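So the chains spell out like this:
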Amino acid sequence: MRLIIATRNKGKVREISEILKGLKLAVVSLGDISFKSDIEENGRTFFANARKKAIAVSKIYRSDYVAGEDSGLAVGYLKGRPGVRSRRFAGPCAGDEENNLKLLRELDGVRQSGRRASYYCCVVLARGGKFIKKFEARLPGFIAGRPRGNNGFGYDPIFYLPQYKKTAAQIPLKEKNKISHRAKVFGKVKRYLLEKKTIKPDIFSASGGK
Ligand code: IMP
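As the structure is a computational prediction, the values presented were derived from the model and not from experiment.

Asks: Describe the sheet that holds strand β6 (residues 159–161), naming the residues involved and giving the relevant values.
Replies: Strand order in the open sheet made by the seven strands is β2-β1-β3-β4-β5-β6-β7, with mixed pairing throughout. A strand with exactly one partner marks an edge of an open sheet, and here the two such strands are β2 (26–29) and β7 (166–167). Strand direction decides the pairing type here: strand β1 (residues 2–5) and β2, joined by four bridges, are parallel. Bridged to R2 within β2 is A26.

Structural data, given as structure tokens:
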């Protein structure tokens, strides 16, 4: 049995494969299956984008499970922005640094309570072109006053985790991958597949399906 992750991002697929270890399931990306067409992320919600990706791919690869994923950053003070526009917050071709600077400018002078934020991740599981289930998870934190650290990507240098007293870019990637919104959401996908008994634990793996 295969689970296709509807993304070309190799880093994400590596992270997700690690989380889904212990299942008799081959985790593959769009690159691995030579899926050529581009799926435009033009939905108004994370769910709409995740669903669009999952359904589009599963209409073609009908016997596989497909997971569509969309994630981003939501800041309460900015009424949920950058939200679905996280990747292109400072413009269609903006890089991480420009996005971070724009966010810091918008929060200039805002005190800690207004700087509450969370990473959010939505996953839609589909098969045979049909929606199966939606999964979601958050990682709460605060937007720091300035960037710190070199690990991670995106908003990590300004995403402050009070439990570590560090930004997400200052903690090792392995540590972030244990607590991240993506880790939590794919943990739920794993439990679902095991509970439904659609996928069996791989008793020969070190984690034995756990
Ligand atoms: P996408 O899910 O690949 O469309 O990415 C959405 C955007 O949200 C990324 O480009 C980042 O700007 C932001 N984002 C999502 N997850 C993270 C994370 O774990 N760290 C930092 N930024 C993130």
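Asks: Tell me about helix α5 (residues 181–195), residues and numbers included.
Replies: Along its 15 residues, α5 runs 21 Å from first to last C-alpha, staying within 8% of the 21 Å computed at 1.5 Å per residue. Every buried residue of α5 is accounted for by H181, R182, A183, V185, F186, G187, V189, K190, Y192 and L193. On its buried side, α5 packs onto β1, α1 (10–19), β3 (65–75), β4 (116–127), β5 (130–143) and α4 (173–179).

Asks: Got a sec to walk through the site of the ligand? Specific residues and values, please.
Replies: Lining the immediate surroundings of the ligand are 15 residues, of which K12, Y119, D156, K176 and H181 lie closest. In this structure, E41 approaches the ligand through a side-chain N or O atom, which is 3.4 Å from an oxygen atom. Side-chain polar atom of S71 to an oxygen atom of the ligand: 3.0 Å apart, as the coordinates give it. For the ligand, whose accessible area on its own is 490 Å², the fraction buried by protein is 93%. Going through the elements one at a time, β3 and α5 are the ones with two or more residues in the shell around the ligand. Per-element accounting of the shell around the ligand gives the leading share, three residues, to β3. When grouped by side-chain class, the residues that make up the shell around the ligand number three nonpolar, five polar and seven charged.

Rules used throughout
- Residues numbered from 1 in each chain as written.
- Predicted model: local features only at pLDDT ≥ 70, side-chain atom pairs only at ≥ 80, totals over all residues.
- Heavy atoms only, no water.
- Pairing = 2+ DSSP bridges.
- Helix = DSSP H or I, 4+ residues; strand = E, 2+ residues; numbered from the N terminus.
- Expected span 1.5 Å × (residues − 1).
- Buried < 20%, exposed > 50% of the residue type's maximum accessible area, 1.4 Å probe, protein only.
- Contact = heavy atoms within 4.5 Å.
- Near = heavy atom within 4 Å.
- Polar contact = N/O pair within 3.5 Å; in protein donor to acceptor, adjacent residues only side chain to side chain.
- Areas by Shrake-Rupley, 256 points an atom, 1.4 Å probe, with all protein chains shown as cover.
- Nonpolar A, V, L, I, M, F, W, Y, C, P; charged D, E, K, R; others polar.

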